[in-house]
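Analysis of the macromolecular model
Okay, here's what each chain looks like letter by letter:
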Amino acid sequence: MANANGSERSVTIAEFLTLAPADLPIKTLGGESGLAEKTLSSHRLQKLGLALAGFPDYIHKDRIQNIGQSEISYLAQLGAKGRSEAFARLDPERISCILLTKALDPSPELIAFCDANGIPLLQTSLVSSKAITAISRHLESLLAPETTLHAVAMELHGIGVLMIGPSGIGKSECALDLITRGHRLVADDAVKVKRIDGRIEASAPELTREHLELHGLGILNIREMFGFSAICERSCIELCIELQKWNEIETIERIGLEMLKHELFGVELPKYVLPVSSGRNLATIVDTAVRQFLLRSAGFDSASKLVERHAQMLTEKKQAG
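Since we're looking at a predicted model, the values are computed, not measured. (Residues numbered from 1 in each chain as written. Predicted model: local features only at pLDDT ≥ 70, side-chain atom pairs only at ≥ 80, totals over all residues. Heavy atoms only, no water.)

The next subject is the overall build of the chain. Along the backbone of the chain there are 10 helices and 16 strands. Residues classed as buried in the chain amount to 45% of the 321 residues present. A fraction of 69% describes how many contacts in the chain between residues 6 or more apart in sequence connect residues 24 or more apart. (Helix = DSSP H or I, 4+ residues; strand = E, 2+ residues; numbered from the N terminus. Buried < 20%, exposed > 50% of the residue type's maximum accessible area, 1.4 Å probe, protein only. Contact = heavy atoms within 4.5 Å.)

Listed below in structure tokens is the structure:
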């Protein structure tokens, strides 16, 4: 899989097939020589009917080209010579792969065209509408902008939380404390984040999944120690919490009227910056920050209400005087 640094990504047809979910049955019928060379960079599919009818200039490169029942019916009327001519009008360089839906059988001419040009010929038992939905969803995940952050991802009270901060600040220790309180670990130290449909999704790299590193104890297997309920495979990040040393924060929020923002792939996440010093229980503070965020999301803002109450008291005092 190319370009895992947040820029435009692409996948080979071989990767697309290998990583296909169980609810997306696909097999290869021809053009195997192009599996490792042909790539996809768009989650959208294109119907090949217009190109087969004589307008091949509108083929979008790096998309799956779909042949369904209507295209098969049209090709059946052309005869062997007509089918060969229809395929000959296509530009092989612009076709990443061809997908037959509804378990439709390819004509000998289609197989010959794909084999000769190294164009993977795929087949699925799904009807076109369901295949397009499943494939688009699969490709959106594969092609999503992605990067790996030095951070900790947790799920607290049903929402994904990304904890960031310098090494040694106490992120992993805080995560362990939160796990003992019933919250779930997504990833420690290395967090894979990707943008899907305008949201940020976090998960752990395969190597470190279910593990947490703690200074003095080494690598801990959280699933073995605390059970399956302590692990969350992936989570949608809704809140960022930054841990910083007390003396390195320029201004410390005292009232909390405004939420800070942390941007990832153009998505702005609400953020709290929490000062860290000896004697502070980080897990309790992080847990409280998440609860405060949930209250604000529900429309209850204690800071605003306090300011309003203070303003009302001043107004009443002024009127009384």
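This part covers the environment of Leu 178. Looking at the secondary structure, you find Leu 178 in helix H7 (residues 171–180). Taking relative accessible area as the criterion, Leu 178 reaches 0% and is therefore assigned buried. Measuring from C-alpha to C-alpha, the distance between Leu 178 and Leu 156 comes to 8.4 Å, with 22 residues separating the pair along the chain. Among all residues touching Leu 178, those that are not within four sequence positions of it are Met 154, Leu 156, Met 163, His 183, Ala 283, Val 286 and Asp 287.

A few words on a nonpolar patch on the surface. On the surface, Leu 50, Phe 55 and Tyr 58 cluster together into a nonpolar patch covering about 360 Å² of accessible area. In this fold, Tyr 58 is placed in the loop between helix H2 (49–52) and strand E5 (64–67). A residue is classified by how much of its surface remains accessible, and Tyr 58, at 56% relative accessible area, is exposed. (Patch = residues over 30% accessible without salt bridge, like charges linked within 9 Å, V, L, I, M, F, W, Y side chains within 5 Å. Areas by Shrake-Rupley, 256 points an atom, 1.4 Å probe, with all protein chains shown as cover. Salt bridge = Lys/Arg side-chain N within 4 Å of Asp/Glu carboxyl O.)

A word on the nonpolar core. Membership of the largest hydrophobic core comes to 32 residues, with the highest contact counts inside it found for Met 154, Met 163, Ile 222 and Ile 241. Elements with a contribution of two residues or more to this core: strand E8 (146–156), strand E9 (159–164), H7, strand E12 (211–214), strand E14 (234–245), strand E16 (267–276) and helix H9 (282–297). Looking at this core, the element that brings in the most residues is H9, giving 6 residues. Every residue in contact with Met 154, bar those within four places of it in the chain, is listed here: Ile 159, Gly 160, Val 161, Met 163, Ala 175, Leu 178, Ile 179, His 183, Arg 184, Leu 185 and Val 186. (Core = buried A, V, L, I, M, F, W, Y, C linked by side-chain atoms within 4.5 Å.)

Let's shift gears to the environment of Gln 244. Structurally, Gln 244 is set in strand E14. Owing to a relative accessible area of 17%, Gln 244 belongs among the buried residues under this scheme. Each C-alpha atom, one on Gln 244 and one on Gly 165, is 6.1 Å from the other, the two residues being 79 residues apart in sequence. In this structure the side chain of Gln 244 is engaged in a polar contact, spanning 2.8 Å, whose partner is the side chain of Glu 242. (Polar contact = N/O pair within 3.5 Å; in protein donor to acceptor, adjacent residues only side chain to side chain.)

On inspection of all chains with the given rule, the structure shows 1 aromatic pair. Geometrically, the ring pair formed by Phe 87 and Phe 113 is stacked, given 5.7 Å between the ring centres and 20 degrees between the ring planes. Taken together, the residues Phe 87 in helix H4 (residues 79–88) and Phe 113 in helix H5 (residues 108–117) connect sequence positions 26 residues apart. One exposure class covers both Phe 87 and Phe 113, and it is buried. (Phe/Tyr/Trp six-rings, centres within 6.5 Å; stacked < 30°, edge-to-face > 60°.)

One ladder, built from 5 bridges, connects E9 with E14; its direction is parallel. Pairing of Met 163 across the sheet is with Ile 241, part of E14. One ladder, built from 4 bridges, connects strand E11 (residues 199–203) with E14; its direction is antiparallel. Looking at the pairing, Ala 202 lines up with Ser 235 of E14. (Pairing = 2+ DSSP bridges.)

This part takes up H9. For H9, which comprises 16 residues, the first-to-last C-alpha distance of 22 Å matches the rise-based estimate of 22 Å (1.5 Å per residue) to within 8%. Of the residues making up H9, those classed as buried are Leu 282, Ala 283, Val 286, Asp 287, Ala 289, Val 290 and Phe 293. For H9, the buried positions fall inside an angular range of 155 degrees around the axis, keeping them on one side. Considering only its buried residues, H9 is in contact with E8, E9, H7, E14 and E16. With a side-chain oxygen positioned 3.3 Å from the backbone nitrogen of Ala 283, the residue opening H9 is Asn 281. Phi turns positive one or two residues past the end of H9, at Gly 299, with a value near 100 degrees. (Expected span 1.5 Å × (residues − 1). Arc of directions from axis to C-beta.)

Moving on: the sheet that holds E5. Ordered in space as E2-E7-E6-E5-E4, the 5 strands form an open sheet in which the pairing is mixed. If you trace the sheet from one side to the other, it starts and ends with strand E2 (26–30) and strand E4 (45–47), each paired once. Sheet twist, expressed as the mean angle between neighbouring strand axes with direction ignored, is 35 degrees. As paired elements, strand E6 (residues 97–100) and strand E7 (residues 121–124) share 3 bridges and run parallel to each other. Across the sheet, the residue bridging to Leu 100 is Gln 123, located in E7. (Axes fitted to C-alpha atoms, helices over the stretch in contact; angles between N-to-C directions.)

Our next topic: the pattern of salt bridges. Taken as a whole and judged by the stated rule, the model has 12 salt bridges. In this structure, Arg 223 engages Glu 210 in a salt bridge whose closest nitrogen and oxygen atoms are separated by 2.7 Å. Linking Arg 223 in helix H8 (residues 222–226) with Glu 210 in the loop between E11 and E12, this pair joins segments that are 13 residues apart in sequence. By relative accessible area, which is 24% here, Arg 223 ends up partly exposed. Take Glu 210: its relative accessible area is 23%, and that puts it in the partly exposed class.

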